[in-house]
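Residue-level structural notes
Single-letter residue listing:
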Amino acid sequence: MEREEYRKIYLIGDSQFELSWNSDGEFCFPAALSFCFGRRADVLNRGLSGYSSKWLKPQISRTVDEIERIGSDRVSAFLLWLGTNDSCLDGTPHHIAVSELEETARNFIFELHNSAPRARFILITPAPISKALLAKSATRTKGMDRTQAETKKYADAIVNLQLPESLGSECHVDKIDLFSEIIRLSDVSEQEMELDETEKIAKFTLDGLHLNGKGYKVLFDMVREVIDQWPDKKPSDMPGVEPGWIEAAKRYY
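What comes next is a walk through the structure. Please read these numbers as outputs of a predicted model, since none were measured by experiment.

With respect to the pairing of strand β4 (residues 120-124)
The element β4 is largely enclosed, with a buried count of 5 among its 5 residues. Side chains of β4 alternate between two faces, with Arg120, Ile122 and Ile124 and Phe121 and Leu123 buried alike. Where strand β3 (residues 75-81) and β4 come together, 5 bridges link them in parallel fashion. Looking across to β4, one finds that phenylalanine 78 is bridged to phenylalanine 121. Pairing between β4 and strand β5 (residues 173-176): 4 bridges, direction parallel. Across the sheet, isoleucine 124 pairs through a bridge with isoleucine 176, a residue of β5.

This is the structure in structure tokens:
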């Protein structure tokens, strides 16, 4: 009888993923996702702080090499969180054009799908920023390199991303509009949204940019809603790697 192996779920993006383990006693997104897939899949955090999407190309290549070693059937899903740093204003080191983000996202999906054809994808938009909190934060630029309007352009690009027909119907891509959901939960008007002077958006962030536990809980709820609709990859459909303790006792006692 072939031994069941742990599946893999990759989190690929920037600091929003890399720092998501650091809950500071609040809600921890990767831990919650790991708990959902307990005894079934490992959640692998491949976030790189400060990276724009085009700087992630070596990370994608490294992931493809890793999949070749472990086997494509072991990969259940990729969560790609792109655009947060790309949306910095033109003339700053992180900025890339919306069209380049779109092309980069398509290329990443194409490469990863070729490497693991049965894996599913979740694309996540940038979260909204709080200019008011960024101005008071310890971040290097105090938010001077970002605007809410520009962030929304990149969020919209992810939501509206068109995939080439060459990927085929077997490439399953879901999209999570985190930007719009946090704006909705913040209950801010379009006029309030840009500066967040009343810091309604700020309550979902640590510093006006990076999510806090409350922000990650919003993301987790949205991700869980998506994976619960997957016909073959949701946790309840995946075989456990080892049996429960009652079965184990029969084997060893």
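Some details on the nonpolar core
Counting residues in each nonpolar core, the largest one holds 37 residues, and the members touching the most others are Phe29, Leu33, Leu79 and Leu178. If you list the elements that add at least two residues to this core, you get β1 (7-13), α2 (29-36), β2 (41-47), β3, β4, α7 (178-186) and α9 (213-227). Looking at which element gives the most residues to this core, the answer is α9, with 8 residues. Formed by 27 residues, the second largest nonpolar core is a distinct cluster that contains Val64, Leu80, Ala119 and Tyr154.

Some thoughts on the pairing of β2
By the criterion of burial, β2 is predominantly enclosed, with 5 of the 7 residues buried. In this structure, β1 lies alongside β2, joined through 7 bridges in parallel fashion. Within β2, the residue paired with leucine 11 across the bridge is asparagine 45.

Reading the values: the criteria
- Residues numbered from 1 in each chain as written.
- Predicted model: local features only at pLDDT ≥ 70, side-chain atom pairs only at ≥ 80, totals over all residues.
- Heavy atoms only, no water.
- Buried < 20%, exposed > 50% of the residue type's maximum accessible area, 1.4 Å probe, protein only.
- Helix = DSSP H or I, 4+ residues; strand = E, 2+ residues; numbered from the N terminus.
- Pairing = 2+ DSSP bridges.
- Core = buried A, V, L, I, M, F, W, Y, C linked by side-chain atoms within 4.5 Å.

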